[in-house]
Structure formats: structure tokens, C-alpha cells
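Structure at a glance
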Amino acid sequence: MLLLRTLFLSLTTGITLNAMSQQERLVLPLPVNKVLQSGDQKNNSLLQGRGITDTKFFEVVDLTGDTAILGYLPTEKFKNDRMAIATPVPKQDWIYDIVDEGMIKNFGIRGVSAMYVIHDISVGRVSEGNYVRIKGRLYESPVGMNQYKPVKTIDEFALEGNSDISMVSGLVRQAITSSVTTATGGVNQGGVQKLLRREEVISSEKDNYLFISKRVFRNGIYISFDDFKQGTPQFDNFYVKTDTAARKTTVYSFTKRDSTMVPVTPWGVIAGGELYLYKDGILYPCEAIGNNLVISKYIDPARRKNHGRFWRSNIGERFNELEDANPFDNKYVISINNYRQTKAKGEAIKINADTGELEL
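Before going into details, it helps to say that this report is about the structure given with it. (Residues numbered from 1 in each chain as written. Predicted model: local features only at pLDDT ≥ 70, side-chain atom pairs only at ≥ 80, totals over all residues. Heavy atoms only, no water.)

1. Structural notes on empty space enclosed by the protein
Which entries qualify depends on this criterion: Site definitions follow a grid-based scheme: protein atoms alone, a 1 Å grid, a 1.4 Å probe that fits but cannot get out for cavities, and for pockets an open set with protein on both sides within 12 Å along at least five of seven lines, plus lining residues having an atom within 4 Å of a point. Grid points are joined across faces, edges and corners, and a volume is the space filled by probe spheres set on the points. Secondary structure follows DSSP: runs of H or I at least 4 residues long count as helices, runs of E at least 2 residues long count as strands, and numbering of each begins at the N terminus. Residue type decides the class: Asp, Glu, Lys and Arg count as charged, Ala, Val, Leu, Ile, Met, Phe, Trp, Tyr, Cys and Pro as nonpolar, and the leftover types, Gly among them, as polar.
Enumeration according to the criterion identifies 5 cavities of 30 Å³ or more in this entry. Roughly 130 Å³ of volume is contained in the largest cavity. Along the wall of the largest cavity there are 15 residues; nearest its centre are Asp66, Ile69, Tyr72, Val294 and Lys350. Those elements that provide at least two residues to the lining of the largest cavity are β4 (69-74), β6 (112-126) and β16 (292-295). If one sorts the elements of the lining of the largest cavity by residue count, β4 sits on top with 4 residues. A breakdown of the residues in the lining of the largest cavity according to their chemical character gives 7 nonpolar, 4 polar and 4 charged.

In C-alpha cells form, the structure reads like this:
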């Protein structure tokens, strides 16, 4: 058992991490017979001949924090690594290029400008085939008015039996189209809604997840995800005790007034500025990317911010086996079974920024 302040001292001793190669990438192809255009160019070309000349009938605002990465796949080259699934152009432009043309036309015909704010979009492969998950919010404004109202909170998950990930763009298009076509009409409930300008919408959406994107985390024990969202750990001081036989860690809290150790089951802990999700007796390194919390194992080691220094010095060093001492080893992968009651099974990659629960 180690006192937290002692653990922090060990972080200043200059831990040397092994040189890490750049993460492999699988770059998705552009849709067949598509010419890459900006959002404005695409909208104009779709609506020519309809008597509609305004642009921005459908705008995508990407707040995911990564302009290219959509998901991850296992790689045979390095068993503990993951291959990143990347878009061939910036993610926002790629979405413009794959969305359903009829959907965009319908916005123009209705005289509506739609803003599709994306906080998270993930694609990958599970036991049932390819998947896509999209999280965000849809806004609409009369064309040219810049007066947006929220229409729908988006939380789409779609599966297809195709095992060829290069074909996943069709599934993404399907998910976006589905989320839009079921939202027509707005959600003006319980009185008059405040209309927002475009910049106010984006600012408000960013502010909702400022507790993540600011990336400044206070050390301590967070018993619940709400504690983390508020930035207020219930305990500033803690011990960790590792059972090397069971490969499990127990977290103990204590206070300055009372040094009695009390075992707790936290949502997560932060030590030396590093965030760790606590689940079933294991601490998993995590970090912020945009408005998302991602398990650090999946991030390109060259870009990874949480290298598990606290974990390696104070937990991993107690294990004799190399794989046990590596927080990014495959033995620490978290499996999700029957995801959203679809029977899909896959690896947990992210933490839901609203609920604190694990996501594909």
C-alpha cells in the first residue's frame, strides 16, 4: 500500500518509455463515382434546377476532436496494437461526400437549413459485422435566418453483416439519413424555444463537454461519473493495494483528519493528472480527445497522453510477467457483450460522455 503523495514522487524520477512506432492506418476509400467537394459546393450542385440557390442546407459540425480517425481494428503485426480506421480526407468532408443526396434536397425544398453537430462517430467490426455509432444533435433554421432550434438528440447505432470494413461508408450514410428523417418537425415542447445563432449553437455544444475538453483533471477519487463531470473528487487522498495473484487493485480512501483506510469502489481515479477508469478491480488508462473520453490503449502511441506512468510505477512493477505489467496489453481489453441488446460483442473503446458507461 502506498501513500498517494509518495506515488506522485515516483512520477518525477524520469520513467523512460520504450520507443513506440506510429500506429498503422486503414484508410477508407472515397465513395465510387464521387467527386470530392466542399459542403457548399455539394449543396449547390444538388439543388441546381430546383429554383433553390441558398447554400448550407445541410451543414456538418465535427466536434469529435479528431479530423480523421473513425475507429480501430486488431492488427496481426503487433498483437497488442490496434489499427486505426481513417477517412481519406478530413472527416467532415468525408461525411459530406457520403450523405444521401435526397436527404439534402429535402431540406432545401422545405426551406430549412440543418446543422448536424457530431460529438462522436465510431465505426468498426464486432461479432455481428460492421457497426457505426453516432452521437450528437440536429438543429434546424429557416433558410437565411440563422435562427436555429434543436430538433433531435442523436444516438444512433447500426449494424450490417458485411465484414469488409472498406464498405462501411454505406452504413454511415444509412445511420445519418435515418437519424435525420425521423426528426422532421422539431421538438418545440413546453413553451417557446430560444432560437440560437450558428455560433451560439456551436459554443453551447462545446460547453456541454467542457469538463472533458479542458483536459485539466483534479487528482483524487471520483466515486461517480457525476463527480467527474463536476470536477469534484469525493476524496483527494488514496492508497492503492494490488493483489498480485488475482491481478486486482483495491482503492482505499483516507482524509487528513482521519488516516483510517476505507475501501471504495470508484468510477475512476486521477493521479498525477492521469485519468483511470476503475472497473472490476482494474485501473484502465483513459484520456480526452475533443468531447470524448477514449481508452488510451487505442490511441496512436505517438499521440497518446496517458502512458500509464502512475500504473506502471505503482501497480505494474509488482507483476513478474511482462504482459501483466503493461497496462496496454490485450489481457486488459474490456469486452462488451450484447451491446444495446443487439447480441453484438466487441471491445470497449470509449466512455459515454453523458453517462460514463462504456461504448464501442
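And the narrative resumes.
2. Regarding unusual backbone geometry
The condition is simple: Summary of the burial criterion: residues with accessible area below 20% of their type's maximum are buried, those above 50% are exposed, and those between are partly exposed, where the area comes from a 1.4 Å probe applied to protein chains only.
The phi torsion at Arg215 lies on the positive side, around 60°, for a residue other than glycine. Note that Arg215 resides in the loop between α7 (210-213) and β9 (220-222). Classification of Arg215 by relative accessible area gives partly exposed; the value is 44%. Its identity is not glycine, yet Lys343 carries a phi of approximately 70°, on the positive side.

3. Observations regarding the sheet that holds β4
Applied cut-off: Only when DSSP finds a minimum of two bridges between them are two strands counted as paired. Angles shown run from 0 to 180 degrees and are taken between the N-to-C directions of axes, each axis being a line fitted to C-alpha atoms and, for helices, limited to the stretch in contact.
Taken in spatial order, the 3 strands line up as β2-β5-β4 in an open sheet, and their pairing is mixed. Pairing within the sheet leaves two strands with one partner each, and these edge strands are β2 (25-27) and β4. Mean inter-strand twist for the sheet, computed between neighbouring axes without regard to direction, equals 30°.

As far as function goes, none of this settles anything; it's purely spatial.
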